[in-house]
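Secondary and tertiary structure notes
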Amino acid sequence: MEKKVCLITGASGDIGKEVTRRFLREAYETVMIAFDHEKLEKTIREENFDRDRILPLAVDVSDEDAVRKAIDRVEERYGRIDALVNTAGICGEYSLTADYPYEDFKKIYEVNVFGVFLMMKYSIPVMLKASKGSIVNIASVSGMRGYSYESAYGSSKWALIGLTQNVANEYGGKGIRCNCVSPGWVRSSMMDKTLDCYRKLGMKDPESCLSYGSIKRGADPCEIANAVYFLSSDQASYINGVNLAVDGGMTIQ
């Protein structure tokens, strides 16, 4: 059997490394993409990933030329892309809209929206050669409801959900599915940063104010990775353009 190939952005992050672990478990050749080369190498070493099945690439996903060169390198080495998982994202600072610095707002869009667009733009032509592929984007419940202090991050995830559905409509008939996963609270460094921002906004015990949903806890990153793999797999062959909330019931309360 031909080996399948998966590209994962944000691969050194908490969700990204669990997505990497999940695809390695399913015998995929895995391209780990992250901004920081040293952090990427540290992740591979600490997680004891099989280097023989990994291509690590340090790429700024908001840099079009860097993304194009990375995809060219992947195609040259493997000749195919079966799955693309866009986990790269930043939350930035949390602030009221009128107080939000414009440059910081733009930076969030450059990574969370434009970076995903670029990865899809250059990966889709490779997938089209095989008339098959799956794309899963990591959105957020913040892109499903309007929360305070999240005008930048939240609106970027709203945009990402829309972009996912645009791509699903355009390429579903050509063998490429595009879906997204919207986590709620995930036990991760991003959640820790968010809680720190809440403290700066004057909340003395921000975690006690969090709405976890009916399951009453934050997700483990591996639980998000399991959902990502399902949507990428042939078991989800008739699922296209879906935003799957993996939030412990947060959005139904």
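It should be emphasised that the depicted structure is a prediction, and the values quoted were computed from it without experimental measurement.

**Comments concerning the layout of surface pockets**
Empty space within the second largest pocket amounts to approximately 280 Å³. Together, 16 residues line the second largest pocket, and K132, R177, S232, S233 and D234 are the ones closest to its centre. Sorting the residues of the lining of the second largest pocket by element identifies β5 (133-138), β6 (176-183) and α7 (221-232) as the ones contributing at least two each. Each residue belonging to the lining of the second largest pocket can be placed in one class, and the counts come to three nonpolar, seven polar and six charged.

**Focus: helix α4 (residues 102-130)**
In this model α4 runs 41 Å from its N-terminal to its C-terminal C-alpha over 29 residues, within 8% of the 42 Å that 1.5 Å per residue would give. Along its length, α4 reaches its greatest deviation from straightness, about 35°, at E110. Backbone geometry just after α4 places S131 at a positive phi near 55°.

**Thoughts on the packing of helix α1 (residues 14-25) against α7**
It is the contact of α1 with α7, at a shortest axis distance of 8 Å, that shows an interaxial angle of 50°. Between α1 and α7, the angle falls in the class oblique. Crossing angle aside, the handedness with which α1 passes α7 is right-handed. On α7, the residues touching D14, I15, E18, V19, R22 and F23 of α1 are P221, C222, I224, A225, N226, V228, Y229 and S232. When the residues that make up the contact of α1 with α7 are grouped by side-chain class, the tally is nine nonpolar, two polar and three charged.

**Describing the pairing of β5**
Most of β5 is tucked away, with six of its six residues classed as buried. Across the two faces of β5 the burial is the same, with G133, I135 and N137 and S134, V136 and I138 all buried. One ladder, built from four bridges, connects strand β4 (residues 83-86) with β5; its direction is parallel. Note on β5: the bridge partner recorded for L84 is I135. Considered for its hand, the β-α-β crossover made up of β4, α4 and β5 is right-handed. Read from β5 through helix α5 (residues 151-171) to β6, the crossover connection turns out right-handed.

**Overview of the sheet that holds strand β1 (residues 5-9)**
The pairing of strands in a sheet happens through backbone hydrogen bonds and is either parallel or antiparallel. Read from one edge of the open sheet, seven strands run β3-β2-β1-β4-β5-β6-β7, paired in parallel fashion. The sheet is open, and its two edges are formed by β3 (54-58) and β7 (243-246), each paired on a single side. This sheet shows a mean twist of 15° between the axes of neighbouring strands, independent of strand direction. Note that β1 and strand β2 (residues 29-34) share five bridges and pair parallel. Bridge pairing in β2 links I8 to M32. Each of β2 and β3 is contacted by helix α2 (residues 37-46), which is oriented at about 155° to β3, the strand it contacts most.

**Considering the pattern of salt bridges**
Side chains carrying opposite charge are able to pair once their charged atoms draw close together. Counted according to the given criterion, the structure contains 17 salt bridges. Measuring nitrogen to oxygen at the nearest pair gives 3.9 Å for the salt bridge that ties K3 to E29. Here K3, found in the segment before β1, pairs with E29, found in strand β2; they are 26 residues apart in sequence, far enough to count as distant. The exposure class of E29 is buried, given its relative accessible area of 8%. A salt bridge links K17 to E47, with the shortest nitrogen-to-oxygen separation between them at 3.4 Å. Linking K17 in helix α1 with E47 in the loop between α2 and β3, this pair joins segments that are 30 residues apart in sequence. Each of K17, E18, R21 and E47 takes part in a single network of salt bridges with overlapping partners.

Conventions and cut-offs
- Residues numbered from 1 in each chain as written.
- Predicted model: local features only at pLDDT ≥ 70, side-chain atom pairs only at ≥ 80, totals over all residues.
- Heavy atoms only, no water.
- 1 Å grid on protein atoms, 1.4 Å probe; cavity = no way out; pocket = protein on both sides within 12 Å on 5 of 7 lines; lining within 4 Å.
- Points joined across faces, edges and corners; volume = space filled by probe spheres on them.
- Helix = DSSP H or I, 4+ residues; strand = E, 2+ residues; numbered from the N terminus.
- Nonpolar A, V, L, I, M, F, W, Y, C, P; charged D, E, K, R; others polar.
- Expected span 1.5 Å × (residues − 1).
- Bend = angle between axes of the 7 residues up to and from the residue.
- Axes fitted to C-alpha atoms, helices over the stretch in contact; angles between N-to-C directions.
- Parallel < 35°, antiparallel > 145°, perpendicular 65-115°, else oblique.
- Left-handed = near helix turned anticlockwise from the far one by under 90°.
- Contact = heavy atoms within 4.5 Å.
- Buried < 20%, exposed > 50% of the residue type's maximum accessible area, 1.4 Å probe, protein only.
- Pairing = 2+ DSSP bridges.
- Right-handed = clockwise from strand over helix to strand, strands pointing away.
- Salt bridge = Lys/Arg side-chain N within 4 Å of Asp/Glu carboxyl O.

All quantities given are derived from atomic positions and should not be read as evidence of function.
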